[in-house]
Amino acid sequence: MKKVLLAAVVVLTAVTVCLAASVDGVWKGLVEGQYNLSLTLKTDGTALTGVFNLVDNNPKSENPDEAGYTPFVAAQMGKNTITDGKVDGDNIQFTTTFNGKPIVYKGTITEGKLVLTTTFNNAPVKLTLKQPAVAK
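Conventions and cut-offs
Residues numbered from 1 in each chain as written. Predicted model: local features only at pLDDT ≥ 70, side-chain atom pairs only at ≥ 80, totals over all residues. Heavy atoms only, no water. Pairing = 2+ DSSP bridges. Helix = DSSP H or I, 4+ residues; strand = E, 2+ residues; numbered from the N terminus. Buried < 20%, exposed > 50% of the residue type's maximum accessible area, 1.4 Å probe, protein only. Polar contact = N/O pair within 3.5 Å; in protein donor to acceptor, adjacent residues only side chain to side chain. Contact = heavy atoms within 4.5 Å. Phe/Tyr/Trp six-rings, centres within 6.5 Å; stacked < 30°, edge-to-face > 60°.

Draft legend 1. A look at the pairing of strand β7 (residues 113–120). With five bridges joining them, strand β6 (residues 101–110) and β7 adopt antiparallel strand pairing. Residue pairing in the sheet places Thr110 in a bridge with Lys113 of β7. Counting the residues in the hairpin turn of β6 and β7 gives two residues, including Glu111, whose phi is positive at 50°. In this structure, β7 lies alongside strand β8 (residues 123–130), joined through eight bridges in antiparallel fashion. Of the residues in β8, the one forming a bridge with Thr118 is Val125. Taking the residues that link successive antiparallel strands as the turn, the β7-β8 hairpin has two residues, and the phi of Asn121 there is positive, at about 55°.

Draft legend 2. Main features of the environment of Gln131. Examined against the element boundaries, Gln131 turns out to sit in the segment after β8. Assessed through its relative accessible area of 36%, Gln131 is described here as partly exposed. A polar contact of 2.9 Å, which involves the side chain of Gln131, links it to the backbone oxygen of Asp24.

Draft legend 3. Structural view of the side chain of Thr95. Examined against the element boundaries, Thr95 turns out to sit in strand β5 (residues 91–98). Residue Thr95 is classed as buried on the basis of its relative accessible area, which comes to 9%. In this view, Thr95 contacts Thr81, Ile82, Thr83, Asp84, Pro102, Ile103 and Val104; residues no more than four positions away in its chain are not counted.

Draft legend 4. Fine view of the packing of aromatic side chains. Summed over the entire model, instances satisfying the criterion amount to three aromatic pairs. With 5.1 Å between their ring centres and 20° between their planes, Phe94 and Tyr105 make a pair best called stacked. Separated by 11 residues along the polypeptide, Phe94 in strand β5 and Tyr105 in strand β6 bring together distant segments of the chain. Each member of the pair, Phe94 together with Tyr105, is buried.

Here it is as structure tokens:
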């Protein structure tokens, strides 16, 4: 009976892992309509590694206008290595740094979208990213 129970647990675990959406690859989205965010993610078991790349796409940002648009945040963020990354089914968590301080992101993969949440300057931030279509 123990062997049957153990076999059932192993099969259920394997099915759960296989059904979980893959986070591997490139994910892209916009932050506040101004910053292009690109994540390149790679899993190894439950470990998650990758690169977090934030680029300012507002042409006004190079020459600040009266509204104060500047490339400050994107220039400060730039490319960062993801650390402390973990995957648990459709849930992920990782850390990047900004001005030497850690920023923790938590998210889920739902319906082909990667939805991340974090806190920046004491304000909650929600990011929705998608994987670009692969040309055939």
